[in-house]
Amino acid sequence: MTPRRTARSLAGLAVLVLLVAGAGAATPDDRVLTVEDAETGETLLTVPVSEGTPVALEYTHSVEKTRVLDGYAVDGTNLTMTRMEFESYGAGLPARADVTVENGTFVFDPEGTYEELYVKPGHVAGHELRVGDETYDLVALSDARSVRLAVERRSALSHALSLAGSKL
């Protein structure tokens, strides 16, 4: 192959790579729920989500020693609070809210939409994160450090690159 032909082939290959990369970057964004160390920003967990995916934080109330569940749904890149369940009244729980009782559990339909949530997982509370049908131990995942939860859009290309980077 002549040097001129080699240069043309390389230029054509470069254009092809750019076109493929551009098409990948232009594909619709996929959403992921990320859990990051609140102080360092280190990503601890990334879970694919879609519109309406249920997300819940479940833990034991530190004083009452009873179960609490804060339920959310993915709404664009926000988390909209959809439900709160608790088994007894205690500090930080909605004492004046309009609650109903379902099977001995107080249920509250709170308002609130959040771009991000900060949680301080604790060994006593045993914080768990549920995303769809999967459950994650936030205490073990974070080593009991504060975490930030947020829904982010990631293009198919950036998702593929992050997967490739994690395998290197």
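Located above this text is the structure these notes cover.
A brief look at the structure comes next. Not measured: the values here are computed from a predicted model.

Okay, the overall build of the chain next. Broken down by element type, the chain carries 3 helices and 12 strands. Considering the chain as a whole, with its 168 residues, one finds that 36% of them fall into the buried category. Partitioning the intrachain contacts of the chain with sequence separation of at least 6 by distance along the chain shows that 54% fall at a separation of at least 24. Summing over all exposed atoms, the chain offers an accessible surface of approximately 10,100 Å²; the carbon and sulfur share of this is 55%.

Time to look at the sheet that holds strand 12 (residues 147-154). Here we have 4 strands laid out as an open sheet, ordered 2-1-12-9, and antiparallel in their pairing. The open sheet terminates on both sides in strands that have one partner only, identified here as strand 2 (43-49) and strand 9 (116-119). Strand-to-strand twist of the sheet, defined as the mean angle between neighbouring strand axes without regard to direction, takes the value 25°. Summarising the sheet, strand 9 and strand 12 pair through 4 bridges and their orientation is antiparallel. Directly across from Leu 117, in strand 12, lies its bridge partner Leu 149.

Tracing the chain through its elements places Glu 128 in strand 10 (residues 128-131). Along the chain, Glu 128 and Ala 56 lie 72 residues apart, while their C-alpha atoms are 8.1 Å from each other. When neighbours within four sequence positions are excluded, Glu 128 is seen to be in contact with Ala 56, Leu 57, Glu 58, Thr 135, Tyr 136 and Leu 138.

About the thresholds
- Residues numbered from 1 in each chain as written.
- Predicted model: local features only at pLDDT ≥ 70, side-chain atom pairs only at ≥ 80, totals over all residues.
- Heavy atoms only, no water.
- Helix = DSSP H or I, 4+ residues; strand = E, 2+ residues; numbered from the N terminus.
- Buried < 20%, exposed > 50% of the residue type's maximum accessible area, 1.4 Å probe, protein only.
- Contact = heavy atoms within 4.5 Å.
- Areas by Shrake-Rupley, 256 points an atom, 1.4 Å probe, with all protein chains shown as cover.
- Pairing = 2+ DSSP bridges.
- Axes fitted to C-alpha atoms, helices over the stretch in contact; angles between N-to-C directions.

None of this, on its own, says anything about what the molecule does.
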